[in-house]
Amino acid sequence: ARDGSLEREVAVKILSADDDSEPREVRLQRFEREVLATSRLAHPNTVRIYDFGVTDDGLFWYAMELLEGEPLGSLVRREGALEPGRAVHLLAQAARALAEAHALGMVHRDLKPDNLFVSVVGGEPDFLKVLDFGIVKAEGHVELTKTGTFAGTPAYASPEQLSGESVTPASDVYSLGIVLFFALTGTPPFEGESARVAVEHIQRDPPRLDERTPGLVAPDLEVIVARCLSKSP
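What you are looking at is a predicted structure, and each value in this text was computed from that prediction instead of being measured.

Asks: Explain helix 2 (residues 72-79) here, please?
Replies: Because each turn of an α-helix spans 3.6 residues, side chains separated by three or four positions end up pointing in the same direction. Three or more residues of helix 2 are buried, namely Leu72, Gly73, Leu75 and Val76. The arc that holds every buried residue of helix 2, seen down its axis, measures 160°, which confines them to one face. Exposed residues lying more than 90 degrees from the buried face of helix 2 are Arg77 and Arg78. Looking one or two residues beyond helix 2, the residue adopting positive phi is Gly80, at roughly 90°.

In structure tokens, the structure reads:
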């Protein structure tokens, strides 16, 4: 859309009026939380929120910066596994953005390749933006997900998250490790039906990077990924 007052193009996210997957009140609370949480974050690698509101016919919306590029998931599916230096460059940006969120008491809870956007900002290529704080857990807020239930994406979720236990910043670290594994190999460590993937995250050790990409990943990077993917937070 176009912001007429500031004369710039923006991306607009609208809360669907016909989504009956959960009560409307809960969806409105989650939508508002996403806006407020993201607007508190100032790190350049977090997507910027410009404005939010509700239309005359009751549609809740927010406007954010319009990004040029594609999600990390699309990039890897199109180009294949990334060169290790490039993968580290991209994921380090995500880590720095998350450090700010964690310092403010927020846990993203849905880190995955499609929520990390590889863009061009100010002429700088491979500038990564963290998107979609829709199921963020923030200190001082009422939990919108029932105890013992799961919110997130199974292929990139931590064992404690999949078990319905409390999540901490360490849960985001686990998810970021899964994304880094995906970026380096072209596939996540566990694939298949969601229930099976969940069990594997909880019970099974992930494969080593050198099993998927023999000789391509430096030992110190292998150690970092393995530490991220520890079963214990």
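Asks: Explain the packing of helix 5 (residues 169-185) against helix 8 (residues 219-228) here, please?
Replies: Each pair of packed helices gets described by two things: the angle between the helix axes and the distance between those axes. Axis separation between helix 5 and helix 8 bottoms out at 8 Å; the angle between their running directions is 140°. Judged on the interaxial angle alone, helix 8 and helix 5 are oblique. The interaxial crossing formed by helix 5 with helix 8 has left-handed handedness. Contacts between helix 5 and helix 8 involve Val173, Tyr174, Gly177, Leu180, Phe181 and Leu184 on the former and, on the latter, Leu221, Val225 and Cys228. Counted by class, the contact of helix 5 with helix 8 contains eight nonpolar, one polar and no charged residues.

Asks: Any chance you could explain the pattern of salt bridges here in plain terms?
Replies: Pairs can form between side chains of opposite charge once their charged atoms are near each other. As enumerated under the stated definition, the model contains twelve salt bridges in all. The salt bridge partner of Arg2 is Glu9, with a shortest N-O separation of 2.9 Å. Take Glu9: its relative accessible area is 42%, and that puts it in the partly exposed class. Among the ionic pairs, Glu79 bridges to Arg78, the shortest N-O distance being 3.5 Å.

Asks: Where do I start with the side chain of Asp3 in this structure?
Replies: Examined against the element boundaries, Asp3 turns out to sit in strand 1 (residues 2-3). Arg8 provides the closest opposite charge to the buried, salt-bridge-free Asp3, at an N-O distance of 4.1 Å. Reaching out from Asp3, the side chain makes a polar contact with the side chain of Ser5 at a distance of 2.8 Å. Leaving out residues up to four positions away in the same chain, Asp3 has contacts with Arg8 and Val10.

The rules behind each value
Residues numbered from 1 in each chain as written. Predicted model: local features only at pLDDT ≥ 70, side-chain atom pairs only at ≥ 80, totals over all residues. Heavy atoms only, no water. Buried < 20%, exposed > 50% of the residue type's maximum accessible area, 1.4 Å probe, protein only. Helix = DSSP H or I, 4+ residues; strand = E, 2+ residues; numbered from the N terminus. Arc of directions from axis to C-beta. Axes fitted to C-alpha atoms, helices over the stretch in contact; angles between N-to-C directions. Parallel < 35°, antiparallel > 145°, perpendicular 65-115°, else oblique. Left-handed = near helix turned anticlockwise from the far one by under 90°. Contact = heavy atoms within 4.5 Å. Nonpolar A, V, L, I, M, F, W, Y, C, P; charged D, E, K, R; others polar. Salt bridge = Lys/Arg side-chain N within 4 Å of Asp/Glu carboxyl O. Lys, Arg positive; Asp, Glu negative; His and termini not counted. Polar contact = N/O pair within 3.5 Å; in protein donor to acceptor, adjacent residues only side chain to side chain.

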